[in-house]
Number of protein chains: 2
Amino acid sequence: MPNVPSPTVHTDLRAHHRKLTRPRQAVLAIITAATRHLTPAEVYRQAKVQYPHLGLTTVYRTLDLLVELGYIQRIHLEEGCHSYAPTARPHGHHLVCSECGRAEEFAECDLDTLVRALQTRTGYEIQVHVLELMGRCPTCQTKSRPLRARKK
Amino acid sequence: MPNVPSPTVHTDLRAHHRKLTRPRQAVLAIITAATRHLTPAEVYRQAKVQYPHLGLTTVYRTLDLLVELGYIQRIHLEEGCHSYAPTARPHGHHLVCSECGRAEEFAECDLDTLVRALQTRTGYEIQVHVLELMGRCPTCQTKSRPLRARKK
DNA sequence: TCCTAATTGAAAAACGTTTTCAATTACTAG
DNA sequence: CTAGTAATTGAAAACGTTTTTCAATTAGGA
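Here is a short report on the structure shown in this document. (Residues numbered from 1 in each chain as written. Chains lettered and ligands numbered in written order. Predicted model: local features only at pLDDT ≥ 70, side-chain atom pairs only at ≥ 80, totals over all residues. Heavy atoms only, no water.)

With that settled, the discussion passes to empty space enclosed by the protein. Here the structure, examined in full by the defined rule, presents 3 cavities of 30 Å³ or more. Forming the boundary of the largest cavity are Val9, Leu13, Leu20, Arg24, Leu28, Thr62, Leu65 and Leu66 of chain A. Looking at the lining of the largest cavity, the element that brings in the most residues is helix H4 (residues 56-69) of chain A, giving 3 residues. When its residues are assigned to classes, the lining of the largest cavity shows 6 nonpolar, 1 polar and 1 charged. By volume, the second largest cavity amounts to about 40 Å³. In terms of lining, the second largest cavity is formed by Val9, Leu13, Arg24, Leu28, Thr62, Leu65 and Leu66 of chain B. Those elements that provide at least two residues to the lining of the second largest cavity are helix H1 (7-15), helix H2 (22-33) and helix H4 (56-69) of chain B. The leading source of residues in the lining of the second largest cavity is H4 of chain B, at 3 residues. (1 Å grid on protein atoms, 1.4 Å probe; cavity = no way out; pocket = protein on both sides within 12 Å on 5 of 7 lines; lining within 4 Å. Points joined across faces, edges and corners; volume = space filled by probe spheres on them. Helix = DSSP H or I, 4+ residues; strand = E, 2+ residues; numbered from the N terminus. Nonpolar A, V, L, I, M, F, W, Y, C, P; charged D, E, K, R; others polar.)

Have a look at this one:
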């Protein structure tokens, strides 16, 4: 049962003189239903099932569009930057293990106070923040501390 | 006045059977003196002044090495992922204007509570945090506000 | 139903990054 | 100080990802 695009998306698109095409529906269905962040290539592969004629170029363009409209957000990971995730889940920050690359996601970030103070002091209008934490995950802590962890 | 590599780096390298070569010295001088994050390409351009024969490949390799040794850290920004910044200066955070690229630096960041909570919850040993804020600086705010900033 | 602007996909170009490899270089042992 | 060796180098090529180009197609308002 293919995901029916929410009426809101439809309306939003119309408001911007954009069209709700079949390729877009396919991309939308995949990315909004995603339980984890997906790379454009992953979205492409999955959305092709629903609409086999889909082109990769269109996936990129649609993801851009959805970010613009605020339906999804672009996130940055250590390995192969640039994944996308539905905005529904309020914005995820990441805690990344610097040894094995494993990552945990967390939502809370108590930056409002800081952001407000900085806005006042600098006059900037702060729109986005990127917060990344790095450390060693429990598993890597148990392994002997690696003197020379060479990446293959 | 070319930056003399700190004796510590020298020692660290020797301990790992690595060499302190001229190309590495050039990269080291640039990245450790950087007042803001630099992309590999920027490091390349700047380090070439000191050592014109430098190759881009070597810049990538040296940056990797310095991250491994903990002298610099890789950070992720919205535009053109992957920049590097010296770890030395205990964390300077940046507030970057997304229009003109101007950046302010700030030191305070009240993440201790968050960090402690996350350590408890996830079992990670959190070592580093990167916090970047983006917005519009006062000057750019006075310029016409872009209703639909289309990326060129 | 027609018209037009928006959208599409394929191919090619443009990135940023990594790999390969023969030549060079810095350190170490003698 | 010199020779030997392993680490390092840069150019070129390979790579994967993202963007651009462009003619053909399509959705939705008139």
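Next comes the rest of the write-up.
The subject of this paragraph is the protein's contact with DNA strand D. Around DNA strand D sit 26 residues in total, of which Tyr60 of chain A together with Thr21, Arg24, Thr58 and Arg61 of chain B are the nearest. Among the atoms of DNA strand D close to the protein, meaning within 4 Å, 62% are from sugar or phosphate groups. Within the side chain of Thr21 of chain B, an N or O atom sits 2.6 Å from a phosphate oxygen of DNA strand D. In the model, a phosphate oxygen of DNA strand D is placed 3.2 Å from a nitrogen or oxygen of the Gly55 of chain B main chain. Secondary-structure elements contributing two or more residues to the surface near DNA strand D are helix H1 (7-15) and H4 of chain A together with H2 and H4 of chain B. (Near = heavy atom within 4 Å. Polar contact = N/O pair within 3.5 Å; in protein donor to acceptor, adjacent residues only side chain to side chain.)

Here we come to the environment of Cys137 of chain B. Within the secondary structure, Cys137 of chain B sits in the loop between strand E5 (125-136) and helix H6 (138-142). Taking the C-alpha atoms as reference points, Cys137 of chain B and Cys97 of chain B, separated by 40 residues in sequence, lie 5.4 Å from one another.

The values reported here are purely geometric and, on their own, carry no functional implication.
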